[in-house]
Amino acid sequence: MAKLKDIAERVGVSISTVSRAISNDTSRPVNEETKRKIREAAQELGYPLQEETVSGRPGHASHKRIACVVPQQLIENHPYFSEVLAGFHDRMNELGHPPAIVRTLDEVSDAEQIRNLIKENGIEGVVIISWYDQSLIEQLEKESVAVLGVSLNDERLTVPVVDCDRIFSARTAVRHLIEQGHRRIGFIGGPAYSRKMDNDERYIGYKFAMMEAGLSMPEDLIINTNWTVDLSYSMLTELLTGRPKSEWPTAIFCASDMLAIPAMRAVVEQKARIPQDIAFVGMDDISFAQYTNPPLTSVHVPKYEIGKAAAQFMMDYLDGDYPALPKILLPCRLVVRESSDYVRQQA
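Please read all numbers here as calculations on a predicted model, not as lab measurements.

## Concerning the overall build of the chain
The number of helices and strands found in the chain is 12 helices and 12 strands. Expressed as a percentage of the 347 residues in the chain, the buried residues total 54%. Put simply, of all contacts in the chain between residues at least 6 apart along the chain, 72% involve residues at least 24 apart. Accessible surface for the chain amounts to roughly 15,400 Å². Of this, 47% is attributable to carbon and sulfur atoms.

## Section: the sheet that holds strand β11 (residues 327-330)
Taken in spatial order, the 6 strands line up as β2-β1-β3-β4-β5-β11 in an open sheet, and their pairing is parallel. Every interior strand has two partners, whereas the edge strands, β2 (101-104) and β11, have only one. Neighbour-to-neighbour, the strand axes of this sheet turn through a mean angle of 20 degrees, independent of strand direction. Where strand β1 (residues 66-70) lies against β2, 4 bridges are found, and the strand directions are parallel. Bridging from a neighbouring strand, Val-69 pairs with Arg-103 of β2.

## Focus on the pattern of salt bridges
Applying the stated criterion across every chain, the model contains 15 salt bridges. Here Arg-36 makes a salt bridge to Glu-33, at a shortest N to O gap of 2.4 Å. Here Arg-36 and its partner Glu-33 are both found in helix α3 (residues 32-45), 3 residues apart, which amounts to about one turn of the helix. Relative accessible area serves as the criterion here: at 39%, Glu-33 is assigned to the partly exposed category.

## With respect to the packing of helix α1 (residues 4-11) against helix α2 (residues 15-22)
α2 packs onto α1 with a crossing angle of 105 degrees between their chain directions and a minimal axis gap of 9 Å. Classed by the angle they form, the pair α1 and α2 counts as roughly perpendicular. Residue-level inspection shows Leu-4, Lys-5, Ile-7 and Ala-8 of α1 in contact with α2, the latter providing Ile-15, Val-18, Ser-19 and Ile-22. Its residues assigned to classes, the contact of α1 with α2 comprises 6 nonpolar, 1 polar and 1 charged.

## Here we look at the side chain of Ser-340
Topologically, Ser-340 is positioned in the loop between β12 (333-335) and α12 (342-346). A polar atom in the side chain of Ser-340 sits 2.7 Å from the side chain of Thr-297. In this structure, Ser-340 is in contact with His-176, Leu-177, Gln-180, Pro-275, Ala-279, Phe-280, Val-281 and Thr-297, ignoring residues within four places of it in sequence.

## Points about the packing of α1 against α3
Closest axis-to-axis distance for the α1/α3 pair is 9 Å, and the angle between their directions is 125 degrees. Between α1 and α3, the angle is such that the two are oblique. Along this stretch, α1 crosses α3, giving a crossing that reads as right-handed. Within the contact between the two elements, α1 uses Asp-6, Ile-7, Arg-10 and Val-11 and α3 uses Lys-37, Ile-38, Ala-41, Ala-42, Glu-44 and Leu-45.

## Observations regarding the sheet that holds strand β7 (residues 222-224)
The pairing of strands in a sheet comes from backbone hydrogen bonds and takes either a parallel or an antiparallel form. In space, the 6 strands of this open sheet follow the order β7-β6-β8-β9-β10-β12, with mixed pairing throughout. Across the chains shown, the open sheet's two edge strands, defined by having one partner strand only, are β7 and β12. Across the sheet, the mean angle separating the axes of adjacent strands is 15 degrees when strand polarity is ignored. Bridge count for strand β9 (residues 279-284) against strand β10 (residues 297-300) is 4 bridges, and the pairing is parallel. Across the sheet, the residue bridging to Val-281 is Thr-297, located in β10.

## Things to note about the pairing of strand β8 (residues 251-254)
Two faces, one strand: in a regular strand the side chains alternate between the faces of the sheet. Side chains Ala-251 and Phe-253 of β8 all project onto a buried face; the interleaved residues Ile-252 and Cys-254 project onto the opposite face, where all are buried too. Pairing of β8 with β9, which is carried by 3 bridges, proceeds in the parallel orientation. Across the sheet, the residue bridging to Ile-252 is Phe-280, located in β9. Note that the unit made of β8, helix α10 (residues 257-269) and β9 has a crossover that is right-handed.

## Thoughts on the layout of surface pockets
In this structure, the second largest pocket occupies an estimated 390 Å³ of space. For the second largest pocket, the lining is made up of 20 residues, of which Lys-5, Ile-15, Pro-79, Ser-82 and Glu-83 are closest to its centre. Those elements giving two or more residues to the lining of the second largest pocket turn out to be α1, α2, α4 (81-94) and α11 (303-318). In the lining of the second largest pocket, the residues fall into 8 nonpolar, 6 polar and 6 charged.

What counts, and at which threshold
Residues numbered from 1 in each chain as written. Predicted model: local features only at pLDDT ≥ 70, side-chain atom pairs only at ≥ 80, totals over all residues. Heavy atoms only, no water. Helix = DSSP H or I, 4+ residues; strand = E, 2+ residues; numbered from the N terminus. Buried < 20%, exposed > 50% of the residue type's maximum accessible area, 1.4 Å probe, protein only. Contact = heavy atoms within 4.5 Å. Areas by Shrake-Rupley, 256 points an atom, 1.4 Å probe, with all protein chains shown as cover. Pairing = 2+ DSSP bridges. Axes fitted to C-alpha atoms, helices over the stretch in contact; angles between N-to-C directions. Salt bridge = Lys/Arg side-chain N within 4 Å of Asp/Glu carboxyl O. Parallel < 35°, antiparallel > 145°, perpendicular 65-115°, else oblique. Nonpolar A, V, L, I, M, F, W, Y, C, P; charged D, E, K, R; others polar. Polar contact = N/O pair within 3.5 Å; in protein donor to acceptor, adjacent residues only side chain to side chain. Left-handed = near helix turned anticlockwise from the far one by under 90°. Right-handed = clockwise from strand over helix to strand, strands pointing away. 1 Å grid on protein atoms, 1.4 Å probe; cavity = no way out; pocket = protein on both sides within 12 Å on 5 of 7 lines; lining within 4 Å. Points joined across faces, edges and corners; volume = space filled by probe spheres on them.

Take a look at the structure:
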């Protein structure tokens, strides 16, 4: 069966644009010509479009209407979250439900906006992707809306979550570097929703691996970027230029590929070699990872499958199949490339 990604590639637009077009999202409408092209491509590729009533809402009583709320910076063409959304939409379609309405966090940042979203679209469930705000979640629950978290990384959450096992994955990545002979291993990441990096699951996995190996974790080799890509580059540049090479880390684990790529540039600009001087491992295995120079070793996160699992879970959750608040974790795997493996880099 065709996927949203196939339609997006056929028309030359983002997955989010395809989603808005086929869900008839009136609050963030797609222009009519683009919408026509998208719907034509969907029909050509065999992607079934939902029957609509005159109001534009699904016409079948059994249809469930879901909203996905995403931070503004992740809404268009983000290499991680576009795959998650594609999986979510495609599974909803396979189950016979209309595409999810996608909103940014800014668009539902207060009680009135939340009520309008629910009332205008008949929303029964909301998927919160990579953000956590207890007051907004409590407001959703007041409106009797089911809430599901996707790609949340704080152990203190009070909502069911679908994600990968980030602690185990980070631990695996750092163990790989240790097996390569590294002892001074740095970390580049950001805080969890508590605004403390100590609660981030990837940082916890890094610490576990280092402690198991009896290795120290110098504070000056741990960089908190607040998930800002530019800071990954500038802060690592500052670290490297402020000390002799003998005090550099010999390897760095980055909590996302989006942080690893600018950090690798910082190393190259210091006339250093990857992995001979500093090895890198990232996380997520976005499509760009295989095209960096050298190609980036990364933890492969099943992004599309996480989206599909989240859609299935939400439908089951609405049907009352989960009386408790489970955390569903999909397995990850390490994809070793030249950025961390000197032998591969020489091949």
